[in-house]
Amino acid sequence: MTPKQSDITTRRAAVLPEIHEFLGCRTPDAWVASALDQQDVMLLDHKNCEFKAASTALSLIARYGQHLDLINYMSRLAREELVHHEQVLRLLKRRKIALRPVSASRYASGLRAVVRTHEPHKLTDTLVVGAFIEARSCERFEAMVPHLDEELGRFYFGLLKSEARHFQNYLRFAYQYGEAADVDRSIERVRLVERELIESPDSEFRFHSGVPLAA
């Protein structure tokens, strides 16, 4: 077993079973094949995703300033996501991938569509959606790492722990600020939608897309 394979096995034993149980499905092999074939698009969209993750954390601070624990964590999270954004930018520069606009996938908007519009349920659903996005990101890094070159594989493997931690904290805050039974129902509702978005055919390849039609 190579060091990379050994590290992945150790990390899987530590955090990934929890994520696999939380998600409704695994990433389809066809998506992984498309990711390997379109690494420029994957990195450009990943950069955008990190920026959006920071923006989401900042929006939660602005909207829910009365929740001290939440805003303290989201402040740290926004800084961490921006560091990841900068790291992907450096990868793009080293690989001579020019920056260009990449349209957003249907994934985030599809999840946001199930968020209830009234409080406190809006906060519950927003945090649950955040947990699913972070969990899926972690699972996708896991799916890709064994197939990537050393530099990119090492980088994505390094993100596994942070994405798993983000997932756990989003979920923790959902239970802290919401009623447990309502959080459980929200998880089940979002899980069904998230699985459909991941397993169904998609018109384009993106980091969180479904199965690309060209696959």
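Structure shown above.
Owing to the predicted nature of the structure, the values given are computational and were not obtained by experimental measurement.

A. Structural detail: the layout of surface pockets. Of the pockets and cavities examined, the largest pocket occupies roughly 780 Å³. Around the largest pocket, the lining is made up of 31 residues, and of these Lys52, Thr56, Ala108, Arg112 and Ile133 lie nearest the centre. Secondary-structure elements contributing two or more residues to the lining of the largest pocket are helix 4 (39–63), helix 6 (107–112), helix 7 (121–144) and helix 8 (150–177). Per element, the largest residue contribution to the lining of the largest pocket is ten residues, and it comes from helix 4. Looking at the lining of the largest pocket residue by residue, the class counts come to 13 nonpolar, nine polar and nine charged.

B. A look at the environment of Ser103. Along the chain, the position of Ser103 falls in the loop between helix 5 (68–94) and helix 6. Each C-alpha atom, one on Ser103 and one on Leu77, is 24 Å from the other, the two residues being 26 residues apart in sequence. Engagement of the side chain of Ser103 in a polar contact is seen with the side chain of Glu204, the distance being 3.4 Å.

C. The arrangement of the packing of aromatic side chains in detail. Applying the stated criterion to the full structure yields nine aromatic pairs. Seen in terms of ring centroids, Phe22 and Phe167 are 4.8 Å apart; in terms of plane orientation they differ by 55°. Their pairing is tilted. With a gap of 145 residues between them, Phe22 in helix 2 (residues 16–22) and Phe167 in helix 8 connect regions that are remote in the sequence. Aromatic pair Trp31 and Phe207: ring centres 6.1 Å apart, planes at 90°, arrangement edge-to-face. With Trp31 in helix 3 (residues 29–37) and Phe207 in the loop between strand 1 (201–202) and strand 2 (211–212), this residue pair connects regions lying 176 residues apart in the sequence.

What counts as what
- Residues numbered from 1 in each chain as written.
- Predicted model: local features only at pLDDT ≥ 70, side-chain atom pairs only at ≥ 80, totals over all residues.
- Heavy atoms only, no water.
- 1 Å grid on protein atoms, 1.4 Å probe; cavity = no way out; pocket = protein on both sides within 12 Å on 5 of 7 lines; lining within 4 Å.
- Points joined across faces, edges and corners; volume = space filled by probe spheres on them.
- Helix = DSSP H or I, 4+ residues; strand = E, 2+ residues; numbered from the N terminus.
- Nonpolar A, V, L, I, M, F, W, Y, C, P; charged D, E, K, R; others polar.
- Polar contact = N/O pair within 3.5 Å; in protein donor to acceptor, adjacent residues only side chain to side chain.
- Phe/Tyr/Trp six-rings, centres within 6.5 Å; stacked < 30°, edge-to-face > 60°.

Keep in mind that these numbers describe shape and distance, not what the molecule does.
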